[in-house]
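# A closer look at the structure
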Amino acid sequence: MNKKNLLFGLLLAAFTLGVVACGGGEKEETAAEAPAATEEAVTAVPAIWTAPEEAKAVTNPIAMSTESSEKGKALFTQYCVSCHGEKGLGDAPAGKAVNAANLQEKVPAQTDGEIHWKLLNGKGAMLKISTYGISDEDGWNLINYLRDLTKQG
Ligand code: HEC
């Protein structure tokens, strides 16, 4: 009888320990998963890429000039042609692989503010320009070049 009780007690203790250990383990897992989930939320790519209205209304603080457009062209050649191609058609091999946008279609349809917002925020394979060390200001120079590149007619 006593032996049985002891055995039962031991089993109970082992069971309790097991539960505590497992419970603890679960808690650790949850803690480890939390940052990953948050990261996912931050990098989640929205299906539609729309700039906020107030961003669309922002005007280009850098007046169009040969100087500005040339600065933009140098940056475009260095950082953007690899995907968008020299004419911005999105037809470079790396661009085809990630479905890079055809800037000849997209740029004329948008305001400078809208494009600038997109350059600053990025989306998926289209990295935000700060990733390349391109400043906000040079973002505007890039846009002046994109205007020249996509001039219709
Ligand atoms: C790694 C390939 C890649 C590089 C490099 C790249 N882009 Fe893109 N770009 C994309 C992709 C992909 C999209 C389409 C994003 C989407 O709509 O899902 C895009 C979209 C855009 C758009 C927006 C078109 C729209 O839908 O309104 C602009 C503007 C643009 N890119 C400009 C640039 C500029 C300027 C650079 C250089 C600083 C650049 N991109 C570098 C892949 C790239």
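Counting starts from 1 at the beginning of each chain's written sequence and moves along it residue by residue. Per-residue local features of the predicted model are confined to residues with pLDDT of at least 70, and side-chain atom pairs are confined, for both listing and counting, to 80 or more; whole-chain, interface and lining totals are unaffected and use all residues.

Turning our attention to helix 3 (residues 66–84). The end-to-end C-alpha distance of helix 3 is 22 Å, clearly below the 27 Å that 19 residues give at a rise of 1.5 Å each. To obtain the bend at a residue, axes are fitted to the seven residues ending there and to the seven starting there, and the angle between these axes is taken. Helical segments are the DSSP runs of H or I of at least four residues, strand segments are the runs of E of at least two, and each set is numbered from the N terminus. Thr77 marks where helix 3 bends most, by close to 50°. Partly exposed residues are those whose C-beta has more than 12 but fewer than 20 other C-beta atoms within 10 Å; with 20 or more the residue is buried, with 12 or fewer it is exposed, and the C-beta atoms are placed from the backbone. Ser68, Ser69, Gly72, Phe76, Cys80, Cys83 and His84 are the residues of helix 3 that are buried. Residues of helix 3 that are buried sit in contact with helix 4 (93–98), helix 5 (103–106) and helix 7 (136–149). Note on helix 3: the residue one or two positions beyond its end, Gly85, has a positive phi of about 80°. For a helix, the expected span equals 1.5 Å multiplied by the number of residues minus one. Here the contact rule is simple: place C-beta atoms from the backbone, and any two residues whose C-beta atoms are within 7 Å are in contact.

Not every one of the 26 residues close to the ligand is listed here, only the nearest: Cys80, Cys83, Ala101, Lys106 and Met126. Elements with a minimum of two residues in the shell around the ligand: helix 3, helix 4, helix 5 and helix 6 (112–121). Examining the composition of the shell around the ligand, we find that six residues originate from one element, helix 3, more than from any other. Split by residue class, the shell around the ligand holds 17 nonpolar, six polar and three charged. Using a C-beta atom placed from the backbone, a residue is described as near a molecule or strand when that atom lies within 6 Å of it. Residues are sorted three ways: Asp, Glu, Lys and Arg are charged, Ala, Val, Leu, Ile, Met, Phe, Trp, Tyr, Cys and Pro are nonpolar, and all the rest, Gly among them, are polar.

Moving on, we get to the confidence of the model for the protein chain. Per residue, pLDDT measures the predictor's confidence, with a range of 0 to 100. Residues of the protein chain with pLDDT of at least 70 account for 69%, and the chain-wide mean is 82. The low-confidence segment residues 18–32, where pLDDT is below 50, has zero contacts with residues more than four positions distant or belonging to other chains. Note that residues 34–40 has pLDDT below 50 and, in this model, zero contacts with residues that lie over four places away or in other chains.

In this section: the nonpolar core. Nonpolar side chains in soluble globular proteins tend to be buried together. In this description, a nonpolar core means buried residues of the types Ala, Val, Leu, Ile, Met, Phe, Trp, Tyr and Cys, linked to one another by C-beta atoms lying within 7 Å. Judged by nonpolar contacts, the single largest core of 13 residues is most densely connected at Phe76, Ile115, Leu119, Leu142, Ile143, Tyr145 and Leu146. If you list the elements that add at least two residues to this core, you get helix 3, helix 6 and helix 7. Each residue touching Tyr145, except ones within four places of it in the same chain, is listed here: Ser69, Gly72, Lys73 and Phe76.

This brings us to unusual backbone geometry. A positive phi angle, close to 65°, is found at Asn99, a residue other than glycine. You can call Asn99 exposed: it has 11 C-beta atoms within 10 Å.

With that settled, consider the packing of helix 3 against helix 7. Angular values range over 0 to 180 degrees, each being the angle between N-to-C directions of two axes fitted as lines to C-alpha atoms, with helices fitted over their stretch in contact. Direction vectors running N to C along helix 3 and helix 7 enclose 95°, while the axes themselves pass 7 Å from each other. In this view, helix 3 runs roughly perpendicular relative to helix 7, as classed from their interaxial angle. Residue-level inspection shows Ser68, Ser69, Lys71, Gly72, Lys73, Leu75 and Phe76 of helix 3 in contact with helix 7, the latter providing Asp138, Asn141, Leu142, Ile143, Asn144, Tyr145 and Asp148. Of the residues contributing to the contact of helix 3 with helix 7, the split by class is five nonpolar, five polar and four charged. Working rule for angles: under 35 degrees goes down as roughly parallel, over 145 as roughly antiparallel, 65 to 115 as roughly perpendicular, anything else as oblique.

Attention now moves to helix 7. Between its terminal C-alpha atoms helix 7 stretches 20 Å, which fits the 20 Å expected from 14 residues at 1.5 Å a residue. Looking only at helix 7, the buried set comprises Asp138, Gly139, Trp140, Asn141, Leu142, Ile143, Asn144, Tyr145 and Leu146. For helix 7, the secondary structure elements touched by its buried residues are helix 3, helix 5 and helix 6.

What follows concerns the packing of helix 6 against helix 7. In the contact formed by helix 6 and helix 7, the axes pass within 10 Å of each other and the chain directions differ by 125°. Here helix 6 lies oblique to helix 7, going by the angle between them. Of the two elements, helix 6 crosses helix 7, and the hand of that crossing is right-handed. Here helix 6 contributes Asp112, Ile115, His116, Leu119 and Leu120 to the contact with helix 7, which in turn contributes Asp136, Gly139, Trp140, Leu142, Ile143 and Leu146. The residue makeup of the contact of helix 6 with helix 7, split by class, is seven nonpolar, two polar and two charged. Each crossing gets its handedness from the near helix: less than a right angle anticlockwise from the far helix is left-handed, clockwise is right-handed.

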